[in-house]
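If you want the building blocks of each chain, they are given just below.
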Amino acid sequence: MAEYEPLPVTLPFPTPRQEVFDLLNGIWDRNWLTNNGPVLREFEATFTRTFGLEHVKVVGNGTVALQLAYQALCLEGEVITTPISYIATTSSLVWERCKPVFVDVLPSTLCLDPEAIEAAITDRTTAIVATHCYGLPCDVEAIQTIADKHGLKVVYDAAHAVGSTFKGRSLLSFGDYSTTSFHATKLLHAVEGGAIISANATLDRKIFLNRNFGHNGPEDFSGVGINGKMSEFHAAVGLVNMRHAGAILARRKQAHAWYDAALQGAAVEKLAAPEGTDWNCSYYPVLFDSEAALLRTFEVLAAHGITARRYFYPSLDTLDFVDPAVLPVAHDVTRRVACLPLMYQLTEADVARVAGIVCQHA
Ligand SMILES: Cc1ncc(COP(=O)(O)O)c(C=O)c1O
């Protein structure tokens, strides 16, 4: 059998090591390793400025970011949420003793359908938790209108949305809070990490306190906090990667253009970015005609050393710790959707290898 060069579905951005080493020297010299250190604050400030945000608090990961957001908003009872996201969006709700109520998604973006949200509101509903799937925008205007009408909080899981804008605004700027992830596989990473973004200074202050055990001062505590801090070492990687955010986003867009051209005529559908979106192109999702076509194509890709990912699968309402729901769109698309390899290091030749197989076997 032929030997093929392995092509994973993604790889971390290769952070320039000398730039990190330079920051590490400063960390060693200061011997300030964590607890709101200067590198963390510079990472936070650079991120805030670059994406035109009001308040950003960087934390240890994207899951604790969600938990801190739910806690700060005192979410309880029923929370209307999406069946198409990473498991953390749902499990963090259950962990915080909220009941996820799943509603269906729009076939164009796989983000929550505003009409379905409104139909599911009861007197126990306290919030809407929505994911900007693959960095494509939720219908933020319709969701805010519904939330205002019914007095609900809105949290966006924007783990995929760093660098995406809608009508010129960062997707991270919507909702009471937006959260994101700096996990190693994300478009912008800090090895592990996350952030909570808000336009409200009081909500931001809550996160500042709660991510550090509620410390107001050395012996002064404000409410129940937890340890959600990011270390100086992780912040150093994040800060260096921030310097390369423009190049990272440009490469993603280039890879999308290569795929778009190479997949002309393939029996797969693309999702549609709503008008007014500047998509960060953080993933390359495609919809196969059927689950059988997806599985058949995956087998050939695997035989050629290529990994694609069923992302997102399964529909989150099928997890064994939540109540199932009737969701015709989500249940259909989660069986047919997959993300093709995408990473900073991807070459046009890699795309040609993948697309050739998809064109022939999908
Ligand atoms: C949509 C989504 N939400 C939440 C998370 C959780 O982030 P983290 O891995 O940083 O905890 C991830 C990624 O892992 C994600 O893709």
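The preceding data block contains the structure.
Below is a summary of the structure that appears in this document. (Residues numbered from 1 in each chain as written. Predicted model: local features only at pLDDT ≥ 70, side-chain atom pairs only at ≥ 80, totals over all residues.)

A look at unusual backbone geometry
- In this chain, Y311 is followed by F312 through a cis amide linkage whose omega measures 15°.
- By secondary structure assignment, the location of F312 is in the loop between α10 (291-303) and α11 (328-336).
- At the junction of Y313 and P314, the peptide bond is cis and its omega measures out at 0° in the coordinates.
- With a phi close to 65°, N35 is a non-glycine residue in the positive phi region.
- Phi angles above zero are rare outside glycine, and N36 is one such case at about 55°.
- Locating N36 in the fold gives a position in the loop between α1 (17-30) and α2 (38-50). (Helix = DSSP H or I, 4+ residues; strand = E, 2+ residues; numbered from the N terminus.)

Considerations on the sheet that holds strand β9 (residues 194-198)
- With mixed pairing, 7 strands are arranged side by side in an open sheet as β1-β9-β8-β5-β4-β2-β3. Looking at the sheet topology across the chains shown, the edges are occupied by β1 (55-59) and β3 (99-102). In this sheet, neighbouring strand axes are inclined to one another by 25° on average, regardless of whether the strands run parallel or antiparallel.
- Bridging between strand β8 (residues 177-181) and β9 involves 4 bridges; their strand directions are antiparallel. The residue bridging S178 from the neighbouring strand is I197, located in β9.
- Of the strands in this sheet, β1, β5 (153-157), β8 and β9 are in contact with helix α3 (residues 62-72), which crosses β8 at around 165°. (Pairing = 2+ DSSP bridges. Axes fitted to C-alpha atoms, helices over the stretch in contact; angles between N-to-C directions. Contact = placed C-beta atoms within 7 Å.)

A short note on the site of the ligand
- Neighbouring the ligand are 14 residues, the closest being G62, T63, Y86, A159 and S181.
- When contributions to the shell around the ligand are tallied by element, the ones reaching two or more residues are α3 and α4 (87-95).
- In terms of residue class, the shell around the ligand is built from 3 nonpolar, 10 polar and 1 charged. (Near = placed C-beta within 6 Å. Nonpolar A, V, L, I, M, F, W, Y, C, P; charged D, E, K, R; others polar.)

By themselves these figures say nothing about function.
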